[in-house]
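What the coordinates show
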Amino acid sequence: MTISVWTRLAVTAGAAALFAAAPAPALGAEAAARTPEPRAPREFVPLRSVDPTIIQEMRYASAHNFIGERIDGYRQPVCILTRPAAEALHRAQTRLLSQGYSLKVYDCYRPQRAVDHFVRWAGDLADERRKAEFYPRVDKTRLFEDGYIAEKSGHSRGSTTDLTIVPLPAVPAPPPAPGQDSAPCYAPQAERYPDNSVDMGTGFDCFDTLSHTDDPRVQGAQRANRLLLKTTLAAEGFVNLPEEWWHFTHKPELFPDTYFDFPVAHRSVAGHRP
């Protein structure tokens, strides 16, 4: 029954005031529920359709991240990227497989609503659930000033990914032992939260200067592992963010000035093929 029919019935019944007070909120809620979610442009693809061998551990679709809860917009643990970025990762993966390694992605396309979630959390100085692991030496009041949190992210443009290297055969990481869920992200690998990747000197999303790709304090095997990741990806057109050993953007970007907000979900790229 349409609104116009309801109006005629209400006037006929002499109950116009009651009609005006009650139905509007319900209709507004129904309209909001019917509003379709935005979908990705055709230039975006699920990484698995391009290379199913790349390991995916989508941290923001889980509670193991610097906030401590699933992040807004991450409906399913699926890596979505622009097609050129996904194809470049496939080429890098081919190189690494021949050396006994695999890529593993932690994050790929990131919707703007997820970035907004980061910003809201950074403004709540009382919420320090994951400080002990992810930012033990950084005061939360400095997260914006030090560049760890920003109102826009290159991830939202679709050609940026966070990733690492896993030795083959890939074995799932064990559950954390007592104390490992609060060990600093820069602790020795055996002490910090377990990951099946090679030792990069810090864990992923470690808010610390030790995460800088070329930090001189990181030496030996850890430095070699960072260099292997960086040189392999650079050969396929990826540029590293110097402050984060895990952060790479494929150049040139298809959408250098557009920040998307479709959810991280299979339906966002349903039917998109390489």
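Residues numbered from 1 in each chain as written. Predicted model: local features only at pLDDT ≥ 70, side-chain atom pairs only at ≥ 80, totals over all residues. Heavy atoms only, no water.

1. Regarding the overall build of the protein
For the protein, the helix and strand inventory stands at 8 helices and 7 strands. Out of the 274 residues belonging to the protein, those deemed buried represent 45%. Long-range pairs, those at least 24 residues apart, make up 74% of the contacts in the protein between residues at least 6 apart in sequence. For the protein, the exposed surface amounts to about 13,100 Å²; the carbon and sulfur share of it is 59%. (Helix = DSSP H or I, 4+ residues; strand = E, 2+ residues; numbered from the N terminus. Buried < 20%, exposed > 50% of the residue type's maximum accessible area, 1.4 Å probe, protein only. Contact = heavy atoms within 4.5 Å. Areas by Shrake-Rupley, 256 points an atom, 1.4 Å probe, with all protein chains shown as cover.)

2. Observations regarding the packing of aromatic side chains
Counted by the stated rule, this structure contains 20 aromatic pairs. With a centroid separation of 6.3 Å and an interplanar angle of 45°, the aromatic rings of Y60 and F204 are classed as tilted. Of this pair, Y60 sits in the loop between β2 (55-56) and β3 (80-82) while F204 sits in the loop between β5 (160-167) and α8 (220-234), placing them 144 residues apart in sequence. Just as Y60 is buried, F204 falls in that class too. Here Y109 and F262 contribute two aromatic rings whose centre-to-centre distance is 4.0 Å and whose plane-to-plane angle is 15°, an arrangement assigned as stacked. (Phe/Tyr/Trp six-rings, centres within 6.5 Å; stacked < 30°, edge-to-face > 60°.)

3. Notes on the environment of E243
By the element assignment, E243 lies in the loop between β6 (238-240) and β7 (247-250). Counting along the chain gives 30 residues from E243 to T213, while the straight-line C-alpha distance between them is 6.2 Å. Excluding anything up to four places from it in sequence, E243 contacts S211 and H212.

4. Topic: the pattern of salt bridges
For the structure shown, the criterion picks out 22 salt bridges. E37 is the partner of R75 in a salt bridge, and the nearest nitrogen-oxygen pair spans 2.4 Å. On the criterion of sequence distance, the pair formed by R75 in the loop between β2 and β3 and E37 in the loop between α3 (23-34) and β1 (44-46) is long-range, its members being 38 residues apart. For R75, a relative accessible area of 44% puts it in the partly exposed group. Accessibility expressed as a relative area gives 28% for E37, which makes it partly exposed. (Salt bridge = Lys/Arg side-chain N within 4 Å of Asp/Glu carboxyl O.)

5. Examining the nonpolar core
In terms of nonpolar packing, the biggest core is built from 55 residues, with F44, F66, L89, V105 and L229 touching the most fellow members. Take this core: its biggest share by element is 6 residues, from helix α5 (residues 83-97). Discounting chain neighbours no more than four positions away, the residues touching L229 are L103, L163, T164, I165, M200, W245 and F248. (Core = buried A, V, L, I, M, F, W, Y, C linked by side-chain atoms within 4.5 Å.)

6. Topic: the pairing of strand β4 (residues 101-107)
Both faces of the sheet carry side chains from a regular strand, because those side chains alternate between them. Burial analysis of β4 places 6 of its 7 residues in the buried class, the great majority of the element. Two strands pair when backbone bridges link them, and β2 and β4 are joined in this way by 2 bridges, in the parallel orientation. Of the residues in β4, the one forming a bridge with I55 is K104. Bridge count for β4 against β5 is 6 bridges, and the pairing is antiparallel. Residue pairing in the sheet places L103 in a bridge with I165 of β5. (Pairing = 2+ DSSP bridges.)

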